[in-house]
Amino acid sequence: MRNFLFVAGLLLVSAMVWAAGTPPDSAAGQLPGTAMPTITSVPPAAQPSPNFNADAATDAYLALIPAEARTRSDAYFEGGYWMILWDFLYLVVVMLVLLNLGWSAGMRNLAERITRFKPLQTLIYWAQFIVVMNVLLFPLSVYEDYFREHKYGLATQTFGPWLWDQVKNLGVDLVLMGVLTVVLFGVVRRLPRTWWIWGAAVSLVFVVFVILIAPVYLVPIFNKVTRLDDPKVTQPILRLARANGIPARDVFEIDASKQTTRMSANVSGFGRTMRVTLNDNLLRRGSVEEIQAVMGHEMGHYVLNHIYKTILFLSVVCVVFFAFLRWGLEASLQWWGEKWQIKGIGDTAVLPLVVLLGSLFGFVATPVLNTFTRTLEHEADMYGLNASRQPDGFAQAAIHLGEYRKMSPGAMEEWVFYDHPSGRHRIHDAMTWKAENLKPLE
Ligand SMILES: [Zn+2]
């Protein structure tokens, strides 16, 4: 045990030194000349005319992006493909370290020495595991979530506040995931044959619970959400909401610029808790048309019941994952169980193996999960165009979002890596819609 604390401490210290050695970032975040342009007028080829052509209009919009901004966005997004691989491999190595050096068994032994009460043993093991895992993953997460985001002008936090957010994140994981872990191990111990079916059910209920509580209890831990009072902003949004059968009464703003330059918005809650939330980046940088287009898209998610469709999809994914987990755990423990000092599937020391198998599953399933999400996003895009009737505002939004998503990928690339349609696709959808649905073109 002393050995692993030493290595963990060493890693933490080296990461801190590395962090302290770099110059502080400006609070502005956005680097001049590299952000995507804000378009003040519709390009000539995208203006209404008798020979309006959706392809030419799309190209005209894309041509407004400076080469430097495009290069930067492509580099950021393509680098993200490799990050998927490095994240996966790094996590596998960390989990193998925990198993092979006996640290996992050590943490289990300690938990068993402290209490004889099984659920508490699981919780104590979990607390040790989550802290050790976060410490070992820290160097990669500092690079990926702090330095890399700053390098591309997407992050706005200095190191201290960023680290504090990570600590708060750890706290949330410690409590929420801790409860899930205790319940899941309880299920495995009581139902040794059918645990994987019940485990899938419990996990799904847990996911739905987190989706329900997130806007009210989790989001405020990290950001401030305030009610918008300016009728110039709220009236058009609420009018659009009511026209689409959404009983929203208030529009909220979230101070996302505290962490990022990314723009976004969402519709959350049920019945009387229904709310529309815009982030301050969208409010500050988006034109009226752009905000309407984005809100139309978000309302599409709501009206098309995407939350329920996602839960249904996740229930299938959950069952497939747990079936894979059962097979993977049994096979691995047969080979290496003794070496790792794991007594069985109900032994908490098995957790690093569960995480390893989970990340393997996630890595392989990435294109499938992305394609499911991208399909819903495309539906919301089309709904949003119909609802807002702002194809040019939508094109502007697609360009702004291109700050962190490559605009024009290959077909295969989009299928594998994109959880939203590409910017080119979205602008083309908007221009096709414009050609066929806006009166002045007839
Ligand atoms: Zn969406």
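Whatever comes next refers back to the structure up there.
Residues numbered from 1 in each chain as written. Predicted model: local features only at pLDDT ≥ 70, side-chain atom pairs only at ≥ 80, totals over all residues. Heavy atoms only, no water.

1. A look at the coordination of the zinc ion
- Around the zinc ion, the protein contributes the donor atoms His297 (NE2), His301 (NE2) and Glu377 (OE), which lie 2.0 Å from the metal centre.
- The motif formed by the donor residues of the zinc ion, counted along the single chain, is H-x3-H-x75-E. Here His297 and its partner His301 are both found in helix H10 (residues 288-303), four residues apart, which amounts to about one turn of the helix. (Donors = N, O, S within 2.8 Å, 3.2 Å for Na, K, Ca; no water. Helix = DSSP H or I, 4+ residues; strand = E, 2+ residues; numbered from the N terminus.)

2. Points about the environment of Val355
- Within the secondary structure, Val355 is located in helix H12 (residues 351-388).
- For the pair formed by Val355 and Gln235, sequence separation is 120 residues and the distance between their alpha carbons is 47 Å.

3. Observations concerning helix H5 (residues 118-151)
- In this model H5 runs 46 Å from its N-terminal to its C-terminal C-alpha over 34 residues, within 8% of the 50 Å that 1.5 Å per residue would give.
- Helix geometry: H5 is bent most strongly at Phe138, by close to 55°, with proline Pro139 lying one to four residues after it. (Expected span 1.5 Å × (residues − 1). Bend = angle between axes of the 7 residues up to and from the residue.)

4. Things to note about unusual backbone geometry
- The residue Asn305 is not glycine, and still its phi comes out positive at about 55°.
- Within the chain, Gln341 stands out as a residue other than glycine whose phi angle is a positive 55°.
- Relative to the assigned elements, Gln341 resides in the loop between helix H11 (306-336) and H12.
- With a relative accessible area of 42%, Gln341 lands in the partly exposed category. (Buried < 20%, exposed > 50% of the residue type's maximum accessible area, 1.4 Å probe, protein only.)

5. Observations concerning the packing of aromatic side chains
- Following the criterion strictly, the structure yields 21 aromatic pairs and no others.
- Relative to Phe322, the ring of Trp195 lies with its centre 6.4 Å away and its plane at 70°, an arrangement referred to as edge-to-face. Taken together, the positions of Trp195 in helix H7 (residues 195-222) and Phe322 in helix H11 put the pair 127 residues apart, joining distant regions of the chain. Across the pair, exposure class does not vary: Trp195 and Phe322 are buried alike.
- One aromatic cluster is present, formed by Trp195, Phe321, Phe322, Phe324, Trp327 and Phe361 through successive ring pairs.
- Sitting over the ring of Tyr404, Arg262 keeps its end group 4.6 Å from the ring centre. (Phe/Tyr/Trp six-rings, centres within 6.5 Å; stacked < 30°, edge-to-face > 60°. Lys NZ or Arg CZ within 6 Å of the ring centre and 35° of its normal.)

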